[in-house]
Amino acid sequence: MNSTFTKNFKAPDEAKLWAQMIAFAPVAFQVARCLRELGILKCLVASPEGLTAAEIQAQVDLSEYGLGVLLDGGESCGLVQVENGRYTATLAGSYLETDPLTRVNMNFTHDVCYQGLFSLEQSLRKQSPEGLKVFGQWPTIYEDLTELPPAVLKSWLEFDHFYSDDAFPKALPYVFRENPKTILDVGGNTGKFAMACGRYNPDVRVTILDYPKQLGIAEGQAKQLGLQDRVHFQPTRLLDHSVPFPKGFDAIWMSQFLDCFGKDDILALMTRAREAMSESSHLFIMEPFTDRQKYEAAKFCLDMTSPYFTAIANGKSRMYRATEFIELASQAGLEVIDECSLRLSH
C-alpha cells in the first residue's frame with residue numbers, strides 16, 4: 001500500500017486533535033450527515049463563490065440557530081470553511097455530498113450500524129451480534145435479512161452491491177476462460193452475479209445456493225430479466241456443514257461470501273466446495289482483502305466494516321487478509337492456481 005498520509009503524529013497538538021476527533025467521532029458523523037441530508041452541502045457545492053449564512057438559510061428549512069450549530073461543527077470537521085462571512089465547501093465536504101462511495105458508506109453506517117455498534121464491546125466479549133437486537137431477535141442478520149426495516153434493507157443492499165457490481169464485468173472474463181456451462185453460485189444473495197452471468201453468456205446455467213428468503217429476491221430478479229429458465233435456485237442452511245454442496249458444476253463461485261463467517265466456517269465451506277468439485281471444475285473466490293488494497297481509503301473502509309460483522313452480522317466474521325484465505329484454502333485441500341487483482345474505479 002503506497003501512501004504519503006501517516007497517522008504516526010510527531011507533533012503533540014496534531015496527535016491531540018486526532019484523539020479528540022475520535023472521541024467526538026459519533027458527534028462529527030451526525031453533524032456531517034445533517035449537513036448533507038438538510039441540503040447545506042448541496043447549496044455550498046453548487047455555489048463555489050460562497051454563501052452567507054442568510055443565503056444558505058434562505059435555501060434550507062432550518063432555523064438560524066440550527067444552521068449555526070451545523071456550520072460551526074462542519075468547519076471544525078473540515079467540511080466547511082468561512083472567509084469574510086462567506087461559507088464554502090471544502091474538498092472533503094464536496095466528497096461527502098457528491099462521491100457515491102462516501103454516500104453509500106455513510107448511509108450504511110447510519111441506517112445499519114450506528115445504533116448496534118453501541119454493543120460492540122459486548123459483542124466482542126460474547127462473540128455474538130449483540131447489536132442486531134436493535135432490529136430483531138435473530139441469530140445472525142442473514143437468515144432474516146428481508147425482515148429488516150425497508151430503509152435499513154435499502155442501505156444494506158446498496159452497500160453490498162456497491163462493492164461487487166463494478167467488479168463483476170471485470171471478473172466474468174476470468175470465470176469464463178474455460179467456458180463453463182454450469183455454475184454454482186454459493187451465497188448468491190439477491191442474484192446479481194447470476195444475472196450478470198446470464199447476460200454475459202447465453203448458454204450458461206447458474207444455480208444459486210442460499211437461504212430461502214434470499215432466494216425469493218433473486219427469483220424475482222430472474223423473472224424480471226427473463227432469465228428464469230437459466231437461473232435456478234436451491235435453498236439451504238449454509239452453515240449446516242453436514243449438508244454437502246450439490247455436485248456436477250463446472251465452476252463454483254463465491255463472491256464476498258466467505259468474509260461473512262469465522263475461520264472455522266470458512267474452512268468448512270471451502271471443504272464442502274472441494275468435495276463437490278470434479279477434476280476439471282474450478283472454485284472462484286472474490287473478496288476485498290485488506291492486504292491487497294492500493295489506496296489507504298480502501299483499506300480504511302474495509303477495516304471499519306469488520307466491526308459491523310462483529311456487532312450486527314454474526315459476531316464472528318470480519319474483512320480478511322488474502323494470506324489468511326490462502327492458508328485456509330490449503331487446509332481445505334485446495335490449490336491456488338491463479339490470483340487476479342481487479343482494480344475498481346472507486
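Our subject in this report is the structure included herewith. (Residues numbered from 1 in each chain as written. Predicted model: local features only at pLDDT ≥ 70, side-chain atom pairs only at ≥ 80, totals over all residues. Heavy atoms only, no water.)

Focus on empty space enclosed by the protein
By the definition in use, this model includes two cavities of 30 Å³ or more. Its volume calculated, the largest cavity comes out at about 530 Å³. In terms of lining, the largest cavity is formed by 36 residues, of which the most central are W156, D160, N189, Q256 and C260. Mapped onto the lining of the largest cavity, the elements with two or more residues apiece are helix 9 (150-165), strand 3 (182-186), helix 11 (192-200), strand 6 (251-255) and helix 14 (296-313). Reported here for the second largest cavity is a volume of approximately 30 Å³. Every residue lining the second largest cavity is listed: D259, E287, P288, F289, M319, Y320 and F325. Here the residues of the lining of the second largest cavity are counted per class, giving five nonpolar, no polar and two charged. (1 Å grid on protein atoms, 1.4 Å probe; cavity = no way out; pocket = protein on both sides within 12 Å on 5 of 7 lines; lining within 4 Å. Points joined across faces, edges and corners; volume = space filled by probe spheres on them. Helix = DSSP H or I, 4+ residues; strand = E, 2+ residues; numbered from the N terminus. Nonpolar A, V, L, I, M, F, W, Y, C, P; charged D, E, K, R; others polar.)

Observations concerning the pairing of strand 7 (residues 282-286)
As paired strands, strand 6 and strand 7 are joined by five bridges and run parallel to one another. Residue pairing in the sheet places A251 in a bridge with H282 of strand 7. You can see the chain leave strand 6, run along helix 13 (residues 263-276) and come back into strand 7, and the turn it takes is right-handed. (Pairing = 2+ DSSP bridges. Right-handed = clockwise from strand over helix to strand, strands pointing away.)

Regarding the pairing of strand 6
Most of strand 6 is tucked away: five of the five residues are buried. Neither face of strand 6 is left uncovered, since the one carrying A251, W253 and S255 and the one carrying I252 and M254 both have all their residues buried. Pairing of strand 3 with strand 6, which is carried by three bridges, proceeds in the parallel orientation. In the sheet register, I183 faces strand 6, and the bridge partner there is A251. (Buried < 20%, exposed > 50% of the residue type's maximum accessible area, 1.4 Å probe, protein only.)

Topic: the nonpolar core
Counting residues in each nonpolar core, the largest one holds 53 residues, and the members touching the most others are I141, Y142, W156, V186, F245, M270 and Y308. At the level of elements, helix 7 (100-113), helix 9, strand 3, strand 6, helix 13, helix 14 and helix 15 (322-331) are the ones that each hand at least two residues to this core. Setting aside anything within four residues of it in sequence, one finds Y308 in contact with F108, V112, C113, L117, I141, Y142, W156 and A313. (Core = buried A, V, L, I, M, F, W, Y, C linked by side-chain atoms within 4.5 Å. Contact = heavy atoms within 4.5 Å.)

Regarding the packing of aromatic side chains
Under the defined criterion, the tally for this structure stands at 12 aromatic pairs. Ring geometry for F193 and W253: centres 3.9 Å apart, planes at 10°, overall stacked. Of the two residues, F193 is situated in helix 11 and W253 in strand 6; the sequence distance between them amounts to 60 residues. Using a relative accessible area of 2% as the deciding quantity, one classes F193 as buried. On the basis of an interplanar angle of 55° and a centroid distance of 5.0 Å, the ring pair of Y308 and F309 is categorised as tilted. (Phe/Tyr/Trp six-rings, centres within 6.5 Å; stacked < 30°, edge-to-face > 60°.)

Looking at the environment of S255
By the secondary structure assignment, S255 is in strand 6. In this structure S255 comes out as buried when scored by relative accessible area, which is 13%. When the C-alpha positions of S255 and D185 are compared, they lie 8.3 Å apart, and in sequence the two are 70 residues distant.

Some thoughts on the sheet that holds strand 5 (residues 231-235)
One open sheet accounts for five strands, arranged 5-4-3-6-7; its pairing is parallel. For this open sheet the edge positions go to strand 5 and strand 7, each flanked by a neighbour on one side alone. Sheet twist, expressed as the mean angle between neighbouring strand axes with direction ignored, is 20°. Inspection of the sheet shows strand 3 paired to strand 4 (residues 205-210) by five bridges, in the parallel sense. Bridge pairing links I183 to V206 in strand 4. Its contacts with the sheet put helix 12 (residues 212-224) on strand 4 and strand 5, and the angle it makes with strand 5 is roughly 170°. (Axes fitted to C-alpha atoms, helices over the stretch in contact; angles between N-to-C directions.)

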